[in-house]
Amino acid sequence: MKFDSTFVRSESASKLQSRGRRLFRTVFVTLALVVLWLLVYSHFIFGDGTLLYKDVGVDSINIYYPRYVLVSDYIRDEGIPSWSFRVGMGQNIFSSLSALLITPVVWLAKEAIARALVYQHLLYVLLSGLLFALFLANRGLTFASCLLGALLLSFSAYMCMGSCWYFHADEVVCFTFLLFAAEQAASRGRWIYLVPAVTIVGFLGAFHLYLAALFLCFYVPARLIERFSWQPLPILRTSALLATAALLGVGLGAILSVNSFYGLVNSPRGAGPTSLVSQLSSKPIFGWESSLHYMTAVLRPFGNDLIGTGNDFRGWQNYLEAPMTYCGLVCLVIFPQIFVGSTLRHRILYGFFFGVILVTAVFPWFRYLFWAFQGDYYRTLSLFTVFGIITLGMTAFSRYIKGGRLNLWVLGSTIFLLISILYFPLSAFQSLISPPLRVVATVFLVSYAILLAVGQLVKRPQIVGWIIVALAAIEIVYFDQITVANRPTVTKTELDERTGYNDETVDAVRDINASDKSFFRIRKNRGSGPGMLESLNDAMVFGYYGTSSYSSFNNLNYIKFLMAVGAMSESDLATDTRWSYGLVEYPLLSTFACEKYVLTDNPAPFKTAEYYEFVTRYGNKYLFRNQLFLPLGLSFGYYISEDMFLQLPQWAKPLALLNAAVLSNKDAADGLGPAPLTMDDIKYQVIETSLPDIAAKRRSTALNIRSFRQTCIDGTIQLNQRSVLVLQTPFDPGWHAFQDGRVAQVLKADFGLLGVVLNAGGHTVELRYRPPFLYAGAAVSVVSLLTFAASLWRWPRIRLPQ
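What counts, and at which threshold
- Residues numbered from 1 in each chain as written.
- Predicted model: local features only at pLDDT ≥ 70, side-chain atom pairs only at ≥ 80, totals over all residues.
- Heavy atoms only, no water.
- Patch = residues over 30% accessible without salt bridge, like charges linked within 9 Å, V, L, I, M, F, W, Y side chains within 5 Å.
- Areas by Shrake-Rupley, 256 points an atom, 1.4 Å probe, with all protein chains shown as cover.
- Salt bridge = Lys/Arg side-chain N within 4 Å of Asp/Glu carboxyl O.
- Lys, Arg positive; Asp, Glu negative; His and termini not counted.
- Charge placed at Lys NZ, Arg CZ, Asp CG, Glu CD.
- Helix = DSSP H or I, 4+ residues; strand = E, 2+ residues; numbered from the N terminus.
- Pairing = 2+ DSSP bridges.
- Axes fitted to C-alpha atoms, helices over the stretch in contact; angles between N-to-C directions.
- Parallel < 35°, antiparallel > 145°, perpendicular 65-115°, else oblique.
- Left-handed = near helix turned anticlockwise from the far one by under 90°.
- Contact = heavy atoms within 4.5 Å.
- Nonpolar A, V, L, I, M, F, W, Y, C, P; charged D, E, K, R; others polar.
- Core = buried A, V, L, I, M, F, W, Y, C linked by side-chain atoms within 4.5 Å.
- Buried < 20%, exposed > 50% of the residue type's maximum accessible area, 1.4 Å probe, protein only.
- Arc of directions from axis to C-beta.
- Disulfide = S-S within 2.5 Å.
- Phe/Tyr/Trp six-rings, centres within 6.5 Å; stacked < 30°, edge-to-face > 60°.
- Lys NZ or Arg CZ within 6 Å of the ring centre and 35° of its normal.

Some remarks on a positive patch on the surface
Line of reasoning, step 1. Taken together, the side chains of Lys15, Arg19, Arg21, Arg22, Arg25, Arg188, Arg227 and Arg797 define a basic patch exposed on the protein surface.
Line of reasoning, step 2. Looking at where Arg227 falls in the secondary structure, it is placed in helix H10 (residues 206–228).

Structure, rendered in structure tokens:
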């Protein structure tokens, strides 16, 4: 057999040309994304703005930015995120470890984070855009369609809202990777990407694994049917194999997701008092929403700001939680053409997708079902909708560019319907719409329709296709600038001024920490956050320990303690369990919880208070010292039951906490050692004993801390009788206690605080924290990694239906 060197050279040249073409297209898409990012975010790159919004993006200031600062400090001071006393009264933050991968700004010093957020968003734009372009290319679309699809997703309303509610941008990147991986697996049998894609989605949180499962259960079978026709057994076999690969991805990330799931369940929204499952699941399946909801759902695809921006939003719910389905007006124009020229099988699939979106919008019960009855909003459902609209719209656009038939009747009917919606003669409807934006939207819609029609009539669809790409880029820049720039933000100038998170609190905390090395908490009566709502996470930013916390998933035991002592009202738990003021408004409870300093802008009450002494002044903030300060770790030789505590009047509860530990009926029945008090005993101690005497008694038998770290506390204690050591931080099964090197029993005291049972006498006491299920999760991750490697070596591809 003769060796054909000419054929080999020709094949090599062809491969080289193909690689060069792919490289050129990648560079072109990257440059296009960067140019649009420069145009849309110019105010934040070259101007004075930052991506810290003061309006509806308050959560970027109150949750995400403080948490970024917390993680940035933690990895420098402590190492791997674990337990932090800067979150509420203490909380497990091990799941924040994922931020080191998906939120790169946390690697920076905290002073640089605010300015770097816009560049982090550039990274998200590039990753999501390039991955989506690859996804569309794998579906066989033209380059112009892939480029336009990448631009529409990376600058969709959902992604732009990710510039202020940063988690949205994380979701876009992670789920786009999952979409790309699912396409590779379903169309080429390359399942290698699916495993890490599921793992990375899990880094967003355990609940997102459920959303990923929903996504894959819909996309993979639908894509297999679309590509290989209806073959039940082969499709079920392939789906089962890919489900196994997805489970490997779940296992690979188990070291984080197991802990995240535990934190989710053990929160007020999980197994706590504010779970919405019973309320939402009991709604009528085919019940209706308000008229405002339907008007919002119809209008939002025309522009994220068509019915108002930020705090001026006039639609359903709010600017963030209403449907965020704007992804380019060209999609609305071209989307119906997907049904033109398609086979019956394809029409059924595309109609099914449209039907699912329609049903979730019309009947809210199905939207609740999507969220497992955990919330009444759109959020990720909007993202999945955007994926489908852009994918099908770009598929139709690609057919058009390739010379496929464009149905002018369908095009005309589409434009007529879209413009009729914008100008629908209903006063309540028109009162929502911004007239100038309506005119702009009309111009773009008509322009797309004219261009598409002309391109077909003159038989130049490729040239017209690129004109449409350019016009869509102009549209994106125009509408997105309104979303990101026409709202109040923290300026770069403010970052350097004595205001917001850089106010006099910085100096006060620095001076206190320099002169006082003990464990203590600071009560700050007013938050420094520059948002329109009060900030409750100042401790994360300024580096002190407090008791307030704003989080969607506060520690359940922290909330139980606050409710039991009367520091949290039961009238609006859904709000109060997230916006928790802690013990800020309760001086005696604050004293129990290690308050040593008060930083306030209203000094009058403290100047007249008996047990507070003035220290110094920082601008308009006054620093006072609590003379009744109690250290971390109070021992009690007596206890009262939870039932008895709840019978006490509100004014007596703080005093009761200073006199006895509160144990559950089960722990009390187990006879742990501390002696019980009767109701008469506790009433006598509460009434007859003065506060200074109580404080002195508690300090005399308190834990003498020799060494303190966030996850390891070491000290000594002298006890006259068997006692319960109560540490003023929430109970968590990750805490382990040792008395003289031997394991000591850990229990829940005072309804939700950490308790340790100690014997009489002098002891060394050590407390160590290890995230719950850490070893179990790590073992699952290791086994999954080994299984993944072995499976990849044995089966690099799966056999697809023919």
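Comments concerning the pairing of strand S9 (residues 612–618)
Line of reasoning, step 1. In terms of strand pairing, S9 meets strand S10 (residues 621–626) through six bridges, oriented antiparallel. Counted as the bridge partner of Tyr612 is Asn626 from S10.
Line of reasoning, step 2. In this structure, the hairpin formed by S9 and S10 is closed by a connection of two residues, where Gly619 is found at a positive phi of approximately 60°.

Brief notes about the packing of H10 against helix H16 (residues 344–362)
Line of reasoning, step 1. The N-to-C vectors of H10 and H16 enclose an angle of 160°; their axes lie 9 Å apart at closest approach. Between H10 and H16, the interaxial angle falls into the category roughly antiparallel. Relative to H16, H10 is oriented so that their crossing is left-handed. Residues Phe218, Ala222, Ile225 and Glu226 of H10 touch H16, and the partners they reach there are Arg345, His346, Leu349, Tyr350, Phe352 and Val356.
Line of reasoning, step 2. The residue inventory of the contact of H10 with H16, partitioned by class, reads seven nonpolar, one polar and two charged.

Quick word on the nonpolar core
Line of reasoning, step 1. By size, the foremost hydrophobic cluster in this structure holds 206 residues, and its most contacted members are Tyr41, Phe175, Leu178 and Leu329.
Line of reasoning, step 2. With 15 residues, the single largest contributor to this core is helix H8 (residues 166–188).
Line of reasoning, step 3. The contacts of Tyr41, once residues within four sequence positions are left out, are Leu51, Val118, His121, Phe155, Cys160, Ser163 and Val484.
Line of reasoning, step 4. Ala567, Ala661, Ala668 and Ile694 belong to the second-largest nonpolar core, a separate cluster that totals 48 residues.

Things to note about helix H24 (residues 505–515)
Line of reasoning, step 1. For H24, every residue scored as buried is listed here: Thr505, Asp507, Ala508, Val509 and Ile512.
Line of reasoning, step 2. Among the structural elements, strand S5 (521–524), helix H25 (538–542), strand S8 (595–600), S9 and S10 are those in contact with the buried residues of H24.

Things to note about the sheet that holds S9
Line of reasoning, step 1. With mixed pairing, four strands are arranged side by side in an open sheet as S5-S8-S10-S9. Across the chains shown, the open sheet's two edge strands, defined by having one partner strand only, are S5 and S9. Going across the sheet, the axis of each strand differs from the next one's by a mean of 25°, ignoring polarity.

Re a nonpolar patch on the surface
Line of reasoning, step 1. Nonpolar side chains collect at one region of the surface, where Leu408, Val446, Ile450, Val454, Leu457 and Val458 lie side by side and expose about 480 Å² of accessible area between them.
Line of reasoning, step 2. With four residues, the single largest contributor to the nonpolar patch is helix H21 (residues 435–457).
Line of reasoning, step 3. Relative to the assigned elements, Val454 resides in helix H21.

Section: the sheet that holds strand S16 (residues 712–719)
Sheet strands associate in pairs through backbone hydrogen bonding, adopting either a parallel or an antiparallel arrangement.
Line of reasoning, step 1. One open sheet accounts for five strands, arranged S15-S16-S22-S18-S19; its pairing is antiparallel. Of all the strands in the sheet, the pair left with one neighbour each is strand S15 (704–709) and strand S19 (742–744). Across the sheet, the axes of successive neighbouring strands diverge by a mean angle of 25°, strand direction being ignored.
Line of reasoning, step 2. Where strand S18 (residues 735–739) meets S19, three bridges bridge the pair, whose relative direction is antiparallel. Its bridge partner being in S19, Ala737 is matched across the sheet by Ala744.

Considering the environment of Gly543
Line of reasoning, step 1. The residue Gly543 is located in the loop between H25 and strand S6 (549–550) in this model.
Line of reasoning, step 2. The class for Gly543 is partly exposed, based on a relative accessible area of 26%.
Line of reasoning, step 3. As for Gly543 and Arg510, which are separated by 33 residues in sequence, their C-alpha atoms are 8.9 Å apart.
Line of reasoning, step 4. Setting aside residues no more than four positions away along its own chain, Gly543 makes contact with Arg86, Val509, Asn513 and Asp538.

Some details on helix H34 (residues 691–700)
Line of reasoning, step 1. Every buried residue belonging to H34 is among Ile694, Ala695 and Arg698, and all of these are buried. The buried side chains of H34 occupy one side of the element, clustering within an arc of 95° when seen end-on.

Examining the environment of Asp576
Line of reasoning, step 1. Tracing the backbone shows Asp576 in helix H27 (residues 573–576).
Line of reasoning, step 2. The partly exposed category is assigned to Asp576, whose relative accessible area is 22%.
Line of reasoning, step 3. Residues Asp576 and Ile559 lie 17 residues apart in sequence; the distance between their C-alpha atoms is 9.2 Å.

Focus: the state of the cysteines
Line of reasoning, step 1. Applying the stated criterion across every chain, the model contains zero disulfides.
Line of reasoning, step 2. The thiol sulfur of Cys146 is not disulfide-bonded, and the nearest other cysteine sulfur, from Cys331, lies at 13 Å.

Describing the pairing of strand S20 (residues 746–749)
Line of reasoning, step 1. Residues Leu747 and Ala749 line the buried face of S20, whereas the alternating positions Val746 and Lys748 sit on a face that is not buried.
Line of reasoning, step 2. In this structure, S20 lies alongside strand S21 (residues 753–758), joined through four bridges in antiparallel fashion. Looking at the pairing, Leu747 lines up with Gly755 of S21.
Line of reasoning, step 3. In textbook terms, the turn of a hairpin is the stretch between consecutive antiparallel strands, and for S20 and S21 this stretch comprises three residues, one of which, Asp750, has a positive phi near 50°.

Focus: the environment of Phe370
Line of reasoning, step 1. As for its placement among the helices and strands, Phe370 is situated in helix H17 (residues 364–370).
Line of reasoning, step 2. What Phe370 contacts, discounting residues up to four positions off in sequence, is Tyr210, Leu211, Leu214, Thr380, Leu381 and Phe384.

Details of the packing of aromatic side chains
Line of reasoning, step 1. One pass over the structure, following the stated rule, counts 63 aromatic pairs.
Line of reasoning, step 2. Measuring from centroid to centroid gives 3.8 Å for Tyr550 and Trp579, while their planes differ by 20°, and the two rings are stacked. With Tyr550 in strand S6 and Trp579 in strand S7 (residues 579–580), the pair connects residues that are 29 residues apart, well separated along the chain. We note that Tyr550, like Trp579, is buried.
Line of reasoning, step 3. Connected via pairs of aromatic rings, a cluster forms that spans Phe132, Phe135, Phe175, Phe207, Tyr210, Phe215, Tyr219, Phe370, Trp371, Tyr377, Phe384 and Phe387.
Line of reasoning, step 4. Lying over the aromatic face of Tyr377, Arg379 brings its terminal NZ or CZ to 4.2 Å of the ring centre.
Line of reasoning, step 5. The ring of Phe629 is capped by Lys596, whose NZ or CZ atom sits 4.8 Å from the centre of that ring.

Without other data, these values stay purely geometric and don't point to any function.
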